[in-house]
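What the coordinates show
Here are the chains, one letter per residue:
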Amino acid sequence: MRTSNHLIGLLNFFTFLASIPILGGGIWLSSRANNTDCLKFLQWPLIVIGISILVVSLAGFAGACYRNTFLMYLYLWAMFFIIAALIGFIIFAYAVTDKGSGRPVMNRVYLEYYLQDYSGWLEERVTSQSYWMKISSCIRDSHACGKTRRIYNGIPESADIYYLRKLSSIESGCCKPPTECGYVYQNETVWIPGGGLVGSDPDCVRWSNDQEQLCYNCNSCKAGVLASLKKSWRKVSVINIVILIILVIMYMVAIAAFRHNKRIDNDEPYGETRMEKTQPSRIHF
């Protein structure tokens, strides 16, 4: 009996530890929201799931230590729904980030991003007027574009060096005009029209050298935000999949240990079959 309770308690301790990466993933997305993509509504499901696992594991730990059957039932049922919610979140995260990626540009190391490459719920949410005003304002306030500037001996880096930089999706989409527009590089956030015709991309006329405007209203900026979200969510989802596998294994072991406790409480010899009544009985854990 003590061995079984110790096992359940140990499993709940590991479950408690497993909640920390999930909660940390939500907090990491929150910090990303403050600095780049600024979509604070996306990290809350992870934070809620992480806190739920933390609380439930503590309840299961207390139930195992004090042999509280109610707490053990609560733990098993709550953990079942938490695992289901985590599975749903992982599926949702991959479903809303399944499309879109950066396109290579000739003679450039950085990629460029196009809004038509993205679609679905996340794209509609990001591009809606109410949300985009908040997102673009957040990116502007974070000075993401200003941080791309590099000066050597008082002189901005040359165009050839800039073209070899590996820009983030936000820096590429929001801080410069699309390459096809034909703008001539002056520095990282100042570009002037070339001698030829401006490209057909609508973003070509949206670009402004005003440091408060730049390309914050461009479709390429919205696409850059979506690419940043996709990268962040995929990283967190990989961690969540690993945690999910661990939780499922620990949950199955906890059920086996709990049923073993019940057999002992009912004075059933472990490993032997006891005669049952002829009428059907309720199904227990």
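Residues numbered from 1 in each chain as written. Predicted model: local features only at pLDDT ≥ 70, side-chain atom pairs only at ≥ 80, totals over all residues. Heavy atoms only, no water.

1. Brief notes about the overall build of the protein chain
Within the protein chain one finds nine helices and six strands. Counting across all 285 residues of the protein chain, residues that qualify as buried make up 44%. Partitioning the intrachain contacts of the protein chain with sequence separation of at least 6 by distance along the chain shows that 69% fall at a separation of at least 24. Just so you have it, the protein chain exposes about 15,600 Å², and 62% of that area is on carbon and sulfur atoms. (Helix = DSSP H or I, 4+ residues; strand = E, 2+ residues; numbered from the N terminus. Buried < 20%, exposed > 50% of the residue type's maximum accessible area, 1.4 Å probe, protein only. Contact = heavy atoms within 4.5 Å. Areas by Shrake-Rupley, 256 points an atom, 1.4 Å probe, with all protein chains shown as cover.)

2. What about the packing of aromatic side chains?
One pass over the structure, following the stated rule, counts eleven aromatic pairs. Measuring from centroid to centroid gives 6.4 Å for Tyr163 and Tyr185, while their planes differ by 65°, and the two rings are edge-to-face. Taken together, the residues Tyr163 in helix H6 (residues 159–163) and Tyr185 in strand E5 (residues 184–187) connect sequence positions 22 residues apart. For the pair formed by Tyr163 and Tyr185, the shared burial category is buried. (Phe/Tyr/Trp six-rings, centres within 6.5 Å; stacked < 30°, edge-to-face > 60°.)

3. Things to note about the pairing of E5
Sheet topology note: the E5/strand E6 (residues 190–192) ladder contains three bridges and is antiparallel. Counted as the bridge partner of Val184 is Ile192 from E6. Hairpin connection from E5 to E6: two residues lie between these consecutive antiparallel strands. (Pairing = 2+ DSSP bridges.)

4. Observations regarding the confidence of the model for the protein chain
Taken over all residues, the pLDDT of the protein chain has a mean of 79, while the share at 70 or more is 75%. By mean pLDDT, the top-scoring element of the protein chain is strand E2 (residues 111–112) (96), and the lowest-scoring one is helix H1 (residues 2–35) (64). Counting interchain partners and residues more than four positions distant, the pLDDT-below-50 stretch residues 33–37 has 17 contacts. With pLDDT under 50 throughout, residues 270–278 is counted as low confidence; its partners more than four residues away or in other chains account for four contacts. (pLDDT = per-residue confidence, 0-100.)

5. With respect to the side chain of Ser169
Relative to the helices and strands, Ser169 resides in helix H7 (residues 169–174). Judged by its relative accessible area of 10%, Ser169 falls in the buried class. A polar contact is formed between the side chain of Ser169 and the backbone nitrogen of Ser228, at a distance of 3.4 Å. In contact with Ser169, not counting residues within four places along its chain, are Tyr113, Gly224, Ala227 and Ser228. (Polar contact = N/O pair within 3.5 Å; in protein donor to acceptor, adjacent residues only side chain to side chain.)

6. Focus on the UniProt feature "transmembrane region" (unreviewed entry) in the protein chain
According to UniProt, the "transmembrane region" (unreviewed entry) feature falls on residues 6–29, 41–62, 74–96 and 238–258. Each end of residues 74–96 is marked by a C-alpha atom, and these two atoms are 33 Å apart; helix forms 100% of the span and strand 0%. (UniProt positions renumbered as here; feature names shortened; annotations may be inferred.)

7. Focus on the nonpolar core
Core analysis: the biggest nonpolar cluster contains 36 residues, and Val126, Ile139, Tyr162, Cys174, Trp191, Tyr216 and Val225 have the highest contact counts within it. Among the elements that line this core, the one with the most residues is helix H9 (residues 219–265), at seven residues. (Core = buried A, V, L, I, M, F, W, Y, C linked by side-chain atoms within 4.5 Å.)

8. Thoughts on the state of the cysteines
For the coordinates displayed, the defined rule picks out four disulfides. In this model Cys174 forms its disulfide with Cys221; the gap between the sulfur atoms is 1.9 Å. Torsion about the S-S bond of the Cys174 and Cys221 cystine: about 90°, corresponding to right-handed handedness. Of this pair, Cys174 sits in helix H7 while Cys221 sits in helix H9, and the two are 47 residues apart along the sequence. By relative accessible area, Cys174 is classed as buried at 0%. Each sulfur of the disulfide joining Cys181 and Cys204 lies 2.0 Å from the other. Across the disulfide from Cys181 to Cys204, rotation about the S-S bond amounts to roughly -85°, and the bridge is consequently left-handed. Here Cys181 is found in the loop between H7 and E5, whereas its partner Cys204 is found in helix H8 (residues 203–206), with 23 residues between them in sequence. With respect to class, Cys181 is no different from Cys204; both count as buried. (Disulfide = S-S within 2.5 Å.)

9. A look at the pattern of salt bridges
As enumerated under the stated definition, the model contains six salt bridges in all. With its nearest N and O atoms 4.0 Å apart, the salt bridge here joins Arg140 to Glu212. Of this pair, Arg140 sits in helix H5 (residues 129–141) while Glu212 is found in the loop between H8 and H9, placing the two residues 72 residues apart along the sequence. Among the ionic contacts, a cluster of salt bridges with common partners joins Glu157, Arg165 and Glu188. (Salt bridge = Lys/Arg side-chain N within 4 Å of Asp/Glu carboxyl O.)

10. Concerning the environment of Cys215
Tracing the backbone shows Cys215 in the loop between H8 and H9. According to the relative accessible area criterion, Cys215 is buried, its value standing at 0%. Taking the C-alpha atoms as reference points, Cys215 and Cys145, separated by 70 residues in sequence, lie 10.0 Å from one another.

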